[in-house]
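# Tertiary structure, described
So you can see what is in the structure, the chains are spelled out below.
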Amino acid sequence: YHNYRRAAYFNDTYSLISSIITNIDTTQLHIFNSLAIQQICIYLGIDTIIKYQNKSFIKMEEALEDTSKSNDIDRKTQRIFEICNLEGAHTYVNLPSGQKLYSIKQFQEQGLQLEFLQMPEYQYKQFKDDFVPHLSIIDVLMHNGKKGTKEIINNYKLV
């Protein structure tokens, strides 16, 4: 409240965030985060399905738990293949830095299309003249509102 009360879209965004915090009743952070992301997606008209904590996923996570602690890229890539297989995915989208880690050929051999998210640099007016990048969706919403935020997040390409 104190950090954003002078933001251009404070009232709408504060109402959204306050509702999320008030209405999500869980003590588990990953569930809270998933539900909060779902609510923000609904607000922005994003129809991406957010999945979390189903029984088959929990069993697979237990079986693959040691891979998350490993620095072995092949083991981590295998974990991605397992998750994609479990979910019936045909495409895996990663951040651009993954281009150095993952082989398109290796993904194709697993029946997966590998794509990378490409976002242009963007700036918007914040409180100060100097733009601070990579803040939360709350910052983007506070300063751009629903319409402006949708314009920013929809300006991407998959390569």
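Our structure is the block above this text.
Okay, so let's go over this structure.

Rules used throughout
Residues numbered from 1 in each chain as written. Predicted model: local features only at pLDDT ≥ 70, side-chain atom pairs only at ≥ 80, totals over all residues. Heavy atoms only, no water. Pairing = 2+ DSSP bridges. Helix = DSSP H or I, 4+ residues; strand = E, 2+ residues; numbered from the N terminus. Buried < 20%, exposed > 50% of the residue type's maximum accessible area, 1.4 Å probe, protein only. Contact = heavy atoms within 4.5 Å. Right-handed = clockwise from strand over helix to strand, strands pointing away. Phe/Tyr/Trp six-rings, centres within 6.5 Å; stacked < 30°, edge-to-face > 60°. Lys NZ or Arg CZ within 6 Å of the ring centre and 35° of its normal. Axes fitted to C-alpha atoms, helices over the stretch in contact; angles between N-to-C directions. Left-handed = near helix turned anticlockwise from the far one by under 90°. Nonpolar A, V, L, I, M, F, W, Y, C, P; charged D, E, K, R; others polar.

An order of S1-S2-S3 is seen for the 3 strands of this open sheet, with the pairing classed as mixed. The two strands at the open ends of the sheet, each matched to only one other strand, are strand S1 (91–94) and strand S3 (157–158). Pairing of strand S2 (residues 113–118) with S3 involves 2 bridges; the strand directions are antiparallel. When the sheet's bridge partners are listed, glutamine 118 is paired in S3 with lysine 157.

Inspection of the secondary structure puts aspartate 139 in helix H7 (residues 137–153). Aspartate 139 gets classed as buried once you look at its relative accessible area, which sits at 3%. Here aspartate 139 is in contact with Tyr4, Tyr124 and Gln126, once residues within four sequence places are set aside.

Another aspect to go through is the pairing of S1. Residue alternation in S1 divides its side chains into a buried set, Tyr92 and Asn94, and an unburied set, Thr91 and Val93. Here S1 pairs with S2 via 4 bridges, running parallel. Across the sheet, residue asparagine 94 finds its bridge partner in S2, namely phenylalanine 116. Handedness of the β-α-β unit built from S1, helix H6 (residues 104–109) and S2 comes out right-handed.

What follows deals with unusual backbone geometry. One non-glycine residue, histidine 134, lies in positive phi territory at about 65 degrees. Note on placement: histidine 134 falls in the loop between S2 and H7. For histidine 134, a relative accessible area of 70% corresponds to the exposed category.

Turning our eyes to something else, we now look at the environment of isoleucine 20. With respect to the element layout, isoleucine 20 can be found in helix H1 (residues 10–23). Residues isoleucine 20 and glutamine 38, 18 residues apart in the sequence, show an inter-C-alpha distance of 9.9 Å.

The geometry of an aromatic ring pair comes down to the distance between the two centres and the angle between the two planes. Taken as a whole, this structure holds 11 aromatic pairs when the rule is applied. Where phenylalanine 81 meets phenylalanine 107, the ring centres are 4.9 Å apart and the plane angle is 75 degrees; that geometry is what we call edge-to-face. Here phenylalanine 81 is found in helix H5 (residues 73–87), whereas its partner phenylalanine 107 is found in helix H6, with 26 residues between them in sequence. Each member of the pair, phenylalanine 81 as well as phenylalanine 107, is classed as buried. Summarising the aromatic geometry, the rings of tyrosine 122 and phenylalanine 131 are spaced 6.4 Å apart at their centres and angled 70 degrees between planes, so their arrangement reads as edge-to-face. Taking the relative accessible area as the measure of exposure, tyrosine 122 reaches 32% and is therefore partly exposed. Taking the relative accessible area as the measure of exposure, phenylalanine 131 reaches 17% and is therefore buried. Three or more aromatic residues joined by ring pairs make a cluster, and in this case those are Phe81, Tyr92, Tyr102 and Phe107. The ring of tyrosine 43 has lysine 146 lying over it, and the distance from NZ or CZ to the ring centre is 4.7 Å.

To continue, consider the packing of H1 against H7. The interhelical angle for the contact between H1 and H7, taken along N-to-C directions, is 145 degrees, at an axis separation of 7 Å. When the axes of H1 and H7 are compared, the crossing they make is right-handed. Contacts from Phe10, Thr13, Tyr14, Leu16 and Ile17 in H1 reach Ile138, Leu141 and Met142 in H7. The residue makeup of the contact of H1 with H7, split by class, is 7 nonpolar, 1 polar and no charged.

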